[in-house]
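# Commentary on secondary and tertiary structure
Residues per chain are reported as follows:
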Amino acid sequence: MRRIAVRTSLIHGRGVFALTNIAAGDPIIEYKGEIISAKEAQRRVERSTAEDGHTFFFNLDDGRMIDGARDGNSARWINHSCAPNCEADQQGDRIFIHATRAIEEGAELFIDYRLDVEGRRTVALKRMYACRCGARRCRGTILEARQ
């Protein structure tokens, strides 16, 4: 029985939604795609025609990335929220998404992207990475909070 489906999201574009109730701690899906170097990821961003630099990259601890746009699956459509109901767990070269709290059937799945970009955070950069989650304690960006 399928537990999730990709549908139109009120937050942003497509999203992943629960087709059944999911318990806290339950594994949901592996984030799949081609494993590439950071250098190759940068090359793909520079050649991309996607608006606002939209990618399906998921960082691995060693600096490589999983490109969900190549050989990826539904996990690439999980949207960001500042109040996520899921989180990612890296095991070797693999990323697994699991529920951090109970998720009701029909609810959208979210992780906190915590994107880290180098350099100064200009107004234009912050606008490009604006958060649309609507959470009560939304930090206004999908970027990692800086201390």
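Up top is the structure.
First, a word on scope: everything that follows refers to the structure included in this document. Here the structure is a predicted model, which is why all the values come from computation and not from measurement. (Residues numbered from 1 in each chain as written. Predicted model: local features only at pLDDT ≥ 70, side-chain atom pairs only at ≥ 80, totals over all residues. Heavy atoms only, no water.)

Another point: the sheet that holds strand β8 (residues 86–91). Strand order across the open sheet formed by 3 strands is β3-β9-β8, with antiparallel pairing between neighbours. The open sheet has two edge strands with one neighbour each: β3 (27–31) and β8. Put simply, the sheet's adjacent strands are angled 30 degrees from each other on average, direction ignored. Sheet topology note: the β8/strand β9 (residues 94–99) ladder contains 6 bridges and is antiparallel. Bridging from a neighbouring strand, Gln91 pairs with Arg94 of β9. (Pairing = 2+ DSSP bridges. Helix = DSSP H or I, 4+ residues; strand = E, 2+ residues; numbered from the N terminus. Axes fitted to C-alpha atoms, helices over the stretch in contact; angles between N-to-C directions.)

Once their charged atoms are close, side chains differing in charge can pair, the charge on each being opposite to the other. All chains considered together, the criterion is met by 11 salt bridges. A salt bridge links Glu30 to Arg94; the nearest nitrogen and oxygen atoms lie 2.7 Å apart. Taken together, the residues span a long stretch of sequence, with Glu30 in strand β3 and Arg94 in strand β9 at a distance of 64 residues. With a relative accessible area of 14%, Glu30 lands in the buried category. Relative accessible area serves as the criterion here: at 42%, Arg94 is assigned to the partly exposed category. Here Arg44 makes a salt bridge to Asp67, at a shortest N to O gap of 2.7 Å. You can see Arg44 sitting in helix α1 (residues 38–47) and its partner Asp67 sitting in strand β6 (residues 65–67), a full 23 residues away along the chain. (Salt bridge = Lys/Arg side-chain N within 4 Å of Asp/Glu carboxyl O. Buried < 20%, exposed > 50% of the residue type's maximum accessible area, 1.4 Å probe, protein only.)

What follows deals with the state of the cysteines. On inspection of all chains with the given rule, the structure shows 0 disulfides. Free of any disulfide, Cys82 has its nearest neighbouring cysteine sulfur in Cys131, separated by 3.8 Å. A disulfide-free cysteine, Cys133 has its sulfur positioned 3.4 Å from the sulfur of Cys131, the nearest such atom. (Disulfide = S-S within 2.5 Å.)

We now examine α1. Looking only at α1, the buried set comprises Glu40, Ala41 and Arg44. For α1, the arc enclosing every buried residue in end-on projection is 105 degrees, short of the 170-degree limit, so these residues lie on one face. α1 presents Lys39 and Glu46 as exposed residues on the side facing more than 90 degrees away from its buried surface. Tucked into the core, α1 has its buried residues touching β4 (34–36), β5 (57–59) and β6. (Arc of directions from axis to C-beta. Contact = heavy atoms within 4.5 Å.)

Further remarks concern the pairing of strand β1 (residues 4–8). Bridge count for β1 against strand β2 (residues 14–18) is 5 bridges, and the pairing is antiparallel. By the bridge assignment for β2, Arg7 is matched with Gly15. Taking the residues between adjacent antiparallel strands as the criterion, β1 and β2 are bridged by 5 residues, where Gly13 takes a positive phi near 50 degrees.

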